[in-house]
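Residue-level listing of the chains:
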2 protein chains.
Amino acid sequence: MSSNTRVVLREYAPEGVHSPDCFTVDHSQPIPDIKPLAKGQVLVHVSALSVDPHQRIFISPPPEKPTIKSAFRYPLGQPIFGIGVGTVAASKSTEFAVGDKVRSEGMPWQAYAILGEDQLIKLPASEGALSDHVGVYGMAAFTAYLSTVYAGKPKEGETILISAASGAVGQVAVQLAKARGLRVVGMAGSDDKVEHVKSLGADAVINYKTCGDLNAAIVEAAPEGIDIYFDNVGGEILDTALLSLNSLARVVLCGSMSTYGAAQSKLRGVLNLPSIIVKQVTLQCIYYLPHYGTQRETDFLQEMARLVEQGKMQFRVDERIGLESAPQALADLFAGKNFGKLIVKA
Amino acid sequence: MSSNTRVVLREYAPEGVHSPDCFTVDHSQPIPDIKPLAKGQVLVHVSALSVDPHQRIFISPPPEKPTIKSAFRYPLGQPIFGIGVGTVAASKSTEFAVGDKVRSEGMPWQAYAILGEDQLIKLPASEGALSDHVGVYGMAAFTAYLSTVYAGKPKEGETILISAASGAVGQVAVQLAKARGLRVVGMAGSDDKVEHVKSLGADAVINYKTCGDLNAAIVEAAPEGIDIYFDNVGGEILDTALLSLNSLARVVLCGSMSTYGAAQSKLRGVLNLPSIIVKQVTLQCIYYLPHYGTQRETDFLQEMARLVEQGKMQFRVDERIGLESAPQALADLFAGKNFGKLIVKA
């Protein structure tokens, strides 16, 4: 009997630590067959897993006095989970048949997983690679669409500033904004990432690690000011970006990679909110999940398919092969060492 | 010839200093007559001046390297200015006649002022006291309306948290929210202010200076969480309020009294923005000026007149008599020592 490889949280990750050692890859369990399935459950052969920044919160030590408002934490000793895709290998559900392609927002990081019907979305059988549903059609791209198009309300000729522009979300935002005739200014953390963002069509790209005075660099790259700032990093970069906003600018708050897992006592916090009041700025938080099943999802899938077909949507994937690679993949993402959307193929 | 009393900025106010000594009351100039008026100008006999928190920014020392994005500063040695009302005493304008009641957003703090047509709004002759236009129908009340009704999008049964609830803006927000069937939680900084806010109809009021753990106090006062947070203070109170927001909550950013004139190096900054992303919160900055002349102003004036007539709108004014009292009035506002809307009667 082969073992059911599982990525298990061994210990919580202290502030500032991005180590694969928080996880173990466990082989002690057998692959389940159809027998343990209850009515309505299916066995999924996991195919690809999305590695995402917010998972850093889930592996942080729980607060000493947790409340119902405390952020979720993965339980110790159990497989972690997240967005993933796979194929139904056995079914006691009337809705899912063997061979169906499925996506789950709570896919356990293991080779085979038992899931209920309500945890699964059926995917179209014909379209492209299954892993595209955690890639170019996945959460990160949908988040970019919601942020740039829905919350950003872009108008041709405006300027958008995009943080983490080479990342999973940022690269899509750059191309969606260019397709709408915006001046696009990206920020990225290495010279090769800067080159990549330029190759996606950005008009200017700032290496925020080497540019020196970030405010001066933004002013130079966006001489007419910023109409949309798309923030995935939080902290000091967000705070600095606020200084260059135009009147009626939109800020989209979508992630805070720079502060996840960081020591709260060492964070400076955002100081420049008072300066944007007179500018009548709106800041909108975007979280993709409640937008699934809306017209916005339909519009997103259609636009992405069209751009992909026209060769106008590059989507760089940082693909790691095998669940054995998962702990290092997580550590790399949290340390900003990925380049493109990080995916683990199971 | 009588002198034209003027409130002049003598020196910029260092961080953390709220002193009347930054100003001098000057009597060296004569009251102008009609002769110096150019075509289109009018001489206004100033009647009442609005004392407002954002004026603290205008008297802060200018940055060492000012840019076009730097906040405005009053020039030294000149009368300060702000929102005020008065009566036309002489006119070389075809639009304004002697005796007309006028409001200006740039009214000099002096007994008589020469202003251009484009700096003045004509007020209806019949309605109530002239000073009501810097009071119950003035900027602070309009700001409360825009924040609570327009940006807040209140729904009956929701909970609103209002900072500086005994202040000029907050007291109106409390009553507008109660009129819409919301649970209203106020915050204020002294026991008599707390009692005043309760007398306006608030369901719970927190004395943020004596409550100890502010987060715990908010949780207790708003057990079902916060749907609208109306912020006039910024800083740590804003940061703490973010922790209790419900999904799809609206935050209205309208002022930042706690940080105006404070030492930037001593400010902690807002740390809790990452926690609201998954809650899909929207933060909207409200600045009243561009909303004048819109349907929202009409709606505001109608609702306020109706509530005043019905005895459902108390508007506490902290009135100081004479331009000689202006320096102390400004210092009191910046130190939070006013109680209600601060107005200087000229």
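See above for the structure.
Read on for a plain summary of the structure. On a predicted model such as this, the values are computed, not experimentally measured, just so you know.

## Quick notes on the relation of the copies chain B and chain A
Thinking step 1. When chain B is fitted to chain A, the best match, at an RMSD of 0.0 Å, comes from turning it 180° and sliding it 0.0 Å along the axis. These values place the two chain copies in the arrangement generated by a two-fold rotation axis. When each C-alpha of chain B is compared by its distance to the rotation axis, Gly269(B) comes out closest, at 2.0 Å.
Thinking step 2. Of the interface residues in chain B, 100% have counterparts in chain A that sit at the interface too, so the contact is made through matching surfaces.

## Details of the interface of chain B and chain A
Thinking step 1. If you look at the interface, chain B gives 35 residues, while chain A gives 35 residues.
Thinking step 2. Both sides together, the interface formed by chain B and chain A hides about 2500 Å², and carbon and sulfur atoms give 65% of it.
Thinking step 3. Between chain B and chain A we count zero salt bridges in total.
Thinking step 4. Connecting chain B to chain A are four residue pairs in polar contact (both at pLDDT 80 or more).
Thinking step 5. Secondary structure elements with two or more residues in the side of chain B that touches chain A: β12 (245-253) and β13 (282-285) of chain B.
Thinking step 6. Residues of the side of chain B that touches chain A, tallied by class, amount to 20 nonpolar, 12 polar and three charged.

## Concerning the packing of helix α2 (residues 139-151) of chain B against helix α3 (residues 168-179) of chain B
Residue and element names in this part refer to chain B.
Thinking step 1. Direction vectors running N to C along α2 and α3 enclose 45°, while the axes themselves pass 8 Å from each other. When the interaxial angle is binned, α2 and α3 end up oblique. Between α2 and α3 the crossing geometry is right-handed. Across the interface between the two elements, Ala140, Ala141, Thr143, Ala144, Tyr145 and Thr148 of α2 pack against Ala168, Val169, Val172, Ala173, Leu176 and Ala177 of α3.
Thinking step 2. For the contact of α2 with α3, the class distribution of residues is 10 nonpolar, two polar and no charged.

## Brief notes about the sheet that holds strand β8 (residues 159-162) of chain A
Thinking step 1. Strands sit in the order β10(A)-β9(A)-β8(A)-β11(A)-β12(A)-β13(A)-β13(B)-β12(B)-β11(B)-β8(B)-β9(B)-β10(B) across an open sheet of 12 strands; the sheet is mixed. At either end of the open sheet lies a strand with only one pairing partner, and these are β10 (204-207) of chain A together with β10 (204-207) of chain B. Across the sheet, the mean angle from the axis of one strand to that of its neighbour is 15°, orientation sign disregarded.
Thinking step 2. Packing against the sheet, helix α4 (residues 191-199) of chain B makes contact with β9 (183-188) and β10 of chain B, and its axis sits at approximately 165° to β10(B).
Thinking step 3. The strands touched by helix α5 (residues 214-221) of chain B within the sheet are β8 (159-162), β9, β10 and β11 (226-231) of chain B, with β10(B) carrying the most contacts at an inclination of about 170°.

Cut-offs applied
- Residues numbered from 1 in each chain as written.
- Chains lettered and ligands numbered in written order.
- Predicted model: local features only at pLDDT ≥ 70, side-chain atom pairs only at ≥ 80, totals over all residues.
- Heavy atoms only, no water.
- Least-squares fit on C-alpha atoms with pLDDT ≥ 70 in both.
- Contact = heavy atoms within 4.5 Å.
- Buried area = accessible area lost by both parts, 1.4 Å probe.
- Salt bridge = Lys/Arg side-chain N within 4 Å of Asp/Glu carboxyl O.
- Polar contact = N/O pair within 3.5 Å; in protein donor to acceptor, adjacent residues only side chain to side chain.
- Helix = DSSP H or I, 4+ residues; strand = E, 2+ residues; numbered from the N terminus.
- Nonpolar A, V, L, I, M, F, W, Y, C, P; charged D, E, K, R; others polar.
- Axes fitted to C-alpha atoms, helices over the stretch in contact; angles between N-to-C directions.
- Parallel < 35°, antiparallel > 145°, perpendicular 65-115°, else oblique.
- Left-handed = near helix turned anticlockwise from the far one by under 90°.
- Pairing = 2+ DSSP bridges.

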